[in-house]
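Secondary and tertiary structure notes
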Amino acid sequence: MAIEIPTDLTPELVPLSWLIGTWEGTGRLGDGEADDGYFFQRMSFTQNGLPFLEYRSETWITDEKGGILRPLTVETGFWSLERPMLEADPGPGMIPGDMVPALRSADDVEKLRIAEGGFKIQANIVHPGAICELYYGVIDGPKIQLATDLVMRGTNAKDYASATRIFGLVNGDLYWRWDVSTGGNELKAHASAALKKQG
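Throughout what follows, the structure given in this document is the object of discussion. (Residues numbered from 1 in each chain as written. Predicted model: local features only at pLDDT ≥ 70, side-chain atom pairs only at ≥ 80, totals over all residues. Heavy atoms only, no water.)

1. Things to note about the overall build of the protein chain
On a plain count of helices and strands, the protein chain comes out with 1 helix and 10 strands. Reading the protein chain from its N terminus to its C terminus gives the helix and strand order β-β-β-β-α-β-β-β-β-β-β. Against the compact-globule benchmark of 16 Å for 199 residues, the protein chain has a radius of gyration of 18 Å, which places it among compact chains. When the backbone C-alpha atoms are referred to their principal axes, the protein chain occupies close to 50 × 45 × 35 Å. Across the 199 residues that make up the protein chain, the buried fraction comes to 38%. Of the contacts made within the protein chain by residues no fewer than 6 positions apart, 43% connect residues no fewer than 24 positions apart. In the form shown here, the protein chain has an accessible surface area of approximately 11,500 Å², with 53% of it arising from carbon and sulfur atoms. Of note, the protein chain has its 18 positive side-chain charges centred 3 Å away from the centre of its 28 negative side-chain charges. (Helix = DSSP H or I, 4+ residues; strand = E, 2+ residues; numbered from the N terminus. Rg over C-alpha atoms; globule rule 2.2 N^0.38 Å. Buried < 20%, exposed > 50% of the residue type's maximum accessible area, 1.4 Å probe, protein only. Contact = heavy atoms within 4.5 Å. Areas by Shrake-Rupley, 256 points an atom, 1.4 Å probe, with all protein chains shown as cover. Lys, Arg positive; Asp, Glu negative; His and termini not counted. Charge placed at Lys NZ, Arg CZ, Asp CG, Glu CD.)

Structure representation (structure tokens):
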């Protein structure tokens, strides 16, 4: 499947451009063993001219045949290349950035490429239940590996210590896996899915 890059895309989002759009499909909770649950997911990545992608995921519990039974959860957040913030960047808060992006060309972005060939990225993801994750990782072509650097939990949040996520584009479909540690144990399979791009 050819990857279309929007003409108005901020240069530093080009490495992430294959994610842009809406993806839907089914997945399994846990290891995907016989007793593990099924879910349907709608995941979207959008851009608005700023140097990040906005991420949103909605999931619903389903039966084995894909019939939706009830809502499962929602996540939202922001994904971007990992780099120092410059005077031209917007923020913090509502402090406006320059009219033109801080990184203005492909050559500017190329300077961020790491020796192994990809780019460092960061993603902050917010969950219901007073949990926020900050991930760092690498995007190398159509493959992403992320690991939490920080998990912030509210006073009454459930135990959640760390996580890793991997994403890959395979024959035009988006495959992902999420492993989680709730503290005092190793990372365990939490969920995985295969999603097709819509539209």
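After that view of the structure, there is still more to cover.
2. Focus on the sheet that holds strand 6 (residues 131–139)
Strand order in the closed barrel formed by 10 strands is 1-2-3-4-5-6-7-8-9-10, and the pairing between neighbours is antiparallel. This sheet shows a mean twist of 25° between the axes of neighbouring strands, independent of strand direction. Bridge count for strand 2 (residues 38–46) against strand 3 (residues 53–62) is 9 bridges, and the pairing is antiparallel. Across the sheet, residue Y38 finds its bridge partner in strand 3, namely T62. (Pairing = 2+ DSSP bridges. Axes fitted to C-alpha atoms, helices over the stretch in contact; angles between N-to-C directions.)

3. Examining the pairing of strand 5 (residues 119–127)
A one-sided burial pattern is seen for strand 5, the buried positions being F119, I121, A123, I125 and H127 and the unburied ones K120, Q122, N124 and V126. Relative to strand 5, strand 4 (residues 68–81) runs antiparallel, the two being bridged by 6 bridges. Across the sheet, residue G77 finds its bridge partner in strand 5, namely I125. Across 9 bridges, strand 5 lies against strand 6 in antiparallel orientation. Following the sheet pairing, V126 is matched in strand 6 by C132. Between the antiparallel neighbours strand 5 and strand 6 lie 3 residues, among them G129 with a positive phi of about 85°.

4. With respect to the packing of aromatic side chains
To describe a pair of aromatic rings, you give the distance between the ring centres and the angle between the ring planes. Overall, the coordinates contain 7 aromatic pairs when judged by the stated rule. Note on F52 and F78: the rings are 5.2 Å apart at their centroids and 85° apart in plane angle, and the pair reads as edge-to-face. Placement of F52 in the loop between strand 2 and strand 3 and of F78 in strand 4 is noted, with a sequence separation of 26 residues between them. We note R165 situated over the ring of W178; from NZ or CZ to the ring centre the distance is 3.8 Å. (Phe/Tyr/Trp six-rings, centres within 6.5 Å; stacked < 30°, edge-to-face > 60°. Lys NZ or Arg CZ within 6 Å of the ring centre and 35° of its normal.)

5. With respect to the side chain of S181
With respect to the helices and strands, the residue S181 is situated in strand 9 (residues 173–181). Among the polar contacts made by the side chain of S181, one reaches the main-chain amide nitrogen of G183 at a distance of 3.2 Å. Residues within four places of S181 in sequence aside, it is in contact with Y160, A161, S162, E186 and L187. (Polar contact = N/O pair within 3.5 Å; in protein donor to acceptor, adjacent residues only side chain to side chain.)

6. Re the pattern of salt bridges
Between side chains of opposite charge, a pair can form when the charged atoms approach closely. Per the stated rule, a full pass over the model turns up 10 salt bridges. When the shortest N-O distance is used, the salt bridge between R56 and E58 registers 3.7 Å. Across the salt bridge formed by R165 and E75, the nearest N and O atoms sit 2.8 Å from each other. Of this pair, R165 sits in strand 8 (residues 162–170) while E75 sits in strand 4, and the two are 90 residues apart along the sequence. Note on R165: relative accessible area 3%, which makes it buried. (Salt bridge = Lys/Arg side-chain N within 4 Å of Asp/Glu carboxyl O.)

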